[in-house]
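Chain and residue survey
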Amino acid sequence: MKLINYTAAGFTRAGAIVDNKVIDLNYAYQAQLKAEGKYRFEQIANAFVPNNTDELYQGGKESLQLAQGAIDFILANPESFNKQVIFNIEDVKVEAPVQKPGKIICVGHNYREHILEMGRELPSNPVIFAKFANTILGPDDDIPFYPISDQLDYEAEFTFVIGKQARNVSEEDALDYVAGYTITNDVTYRDIQRRTLQWLQGKTVDGSAPMGPYLVTSDELQDPSGLDVVLTVNGEVRQKTNTANLVFDVKKLVSFLSNLMTLEPGDVVLTGTPGGVGVAMNPPTFLKDGDVVRIEIDKVGALENKVKATEVVATV
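Keep in mind that what you see is a predicted model, and the values were worked out from it rather than measured. Each chain carries its own residue numbering, running from 1 in the written order of its sequence. At least 70 in pLDDT is required for a residue's local features to be given in this predicted model, at least 80 for side-chain atom pairs to be given and counted, and no such filter applies to totals for whole chains, interfaces and linings, which use all residues. The basis for the side-chain values is all heavy atoms of the structure; hydrogens and waters are excluded.

**Quick word on the pairing of strand 1 (residues 2-8)**
By the criterion of burial, strand 1 is predominantly enclosed, with 6 of the 7 residues buried. Direction of pairing for strand 1 relative to strand 14 (residues 209-217): antiparallel, over a ladder of 2 bridges. For K2, the partnering residue across the bridge sits in strand 14 and is V216. Sheet analysis places strand 1 next to strand 2 (residues 11-18), joined by 6 bridges and oriented antiparallel. In the sheet register, T7 faces strand 2, and the bridge partner there is T12. With a 1.4 Å probe rolled over the protein chains alone, any residue whose accessible area is under 20% of its type maximum counts as buried; one over 50% counts as exposed, and the rest are partly exposed. Here a strand is any run of E in DSSP of at least two residues, a helix any run of H or I of at least four, and the numbering for each starts at the N terminus. By the convention used here, strands pair only if DSSP detects at least 2 bridges between them.

**So, the packing of helix 1 (residues 25-35) against helix 4 (residues 60-76)**
Look at helix 1 against helix 4: their axes get within 8 Å of each other, and the N-to-C directions meet at 70 degrees. Overall, the two elements helix 1 and helix 4 adopt an arrangement that is roughly perpendicular. Every residue of helix 4 that contacts helix 1 at L25, A28, Y29, A31, Q32 and A35 is listed here: L66, A67, G69, A70, I71, F73 and I74. Structural elements are reduced to axes, namely lines fitted to C-alpha atoms, with helices fitted over the stretch in contact, and the angle between N-to-C directions of any two is expressed from 0 to 180 degrees. Oblique is the label for any angle not covered by the other classes, which are roughly parallel (under 35 degrees), roughly antiparallel (over 145) and roughly perpendicular (65 to 115). Residues count as neighbours in contact if any of their non-hydrogen atoms are within 4.5 Å of one another.

**Overview of unusual backbone geometry**
Going from G212 to P213, the amide bond is cis rather than trans, its omega being 5 degrees. Tracing the backbone through its elements, the reader meets P213 in strand 14. N282 connects to P283 through a cis peptide bond whose omega is 0 degrees. Mapped onto the fold, P283 is located in the loop between strand 17 (268-270) and strand 18 (292-297). Here the phi dihedral of N20 falls at roughly 65 degrees; this positive angle occurs in a residue that is not glycine. Backbone geometry places N168, a non-glycine residue, at a positive phi of 55 degrees. You can see N168 is positioned in the loop between strand 11 (156-162) and strand 12 (178-185).

So this is what it looks like as structure tokens:
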């Protein structure tokens, strides 16, 4: 499945993209249960195929399998329910496949060529830092460029989402704990990042984690190695690599992180960025208002967002 959240008529709900159509997963499962003569079909659907992906991931493989069955049912019986279940993709706003993760864990210095361009040695352990849920944007959103810096940079990141609680997981079993894969742009304010030895300040500005275009579930993408990654700015290739070049791959990261902390369903892990970031160019070249950043990853899709200069508005 290609999982998203989508917004229509002011409501945001869990969906899946099928042939340029958006299927509402919760309504599709309600329709299936009602057709099967189930009492309390709405309550059952809300428990097993919730109307948002954050809770859907908590249901693990069982919920994802039920969601897939519901998709099959509604495609065969499109007029079987009293609510709209199938939308044209252009009639909805596609949101990020995760909305409010408990953790967003980022890995730094994880592509060999990026480590070398930054003048560092290969790490013996993963370098990790955090972003927060305030940073998440969807594939239809602009990247806000706040006037707090003029050094806005891009970072293409192959990303995975945890599908079930993980603690002290072995590398051999690690992929069984992954719900699926997506793309994130780890947008970074470079001068703010470098104010201190800790990177957090430059990484957690509102809207600095565009994510999408959807989550490809792990039953469809069973091997996350060997995937080409390309980032362009206004069509110019800036970053190009393959996930085979990761120092710490998905298996190693799930095992390593789960031995530090309990990973929960919906937790997001950004696996690192390759060489070619703007700050490392000669001369350094940063994003500006109107730039279009596109990230393509084999078998995952393409995430494209435009940079938009944005004023900071105080809350009252």
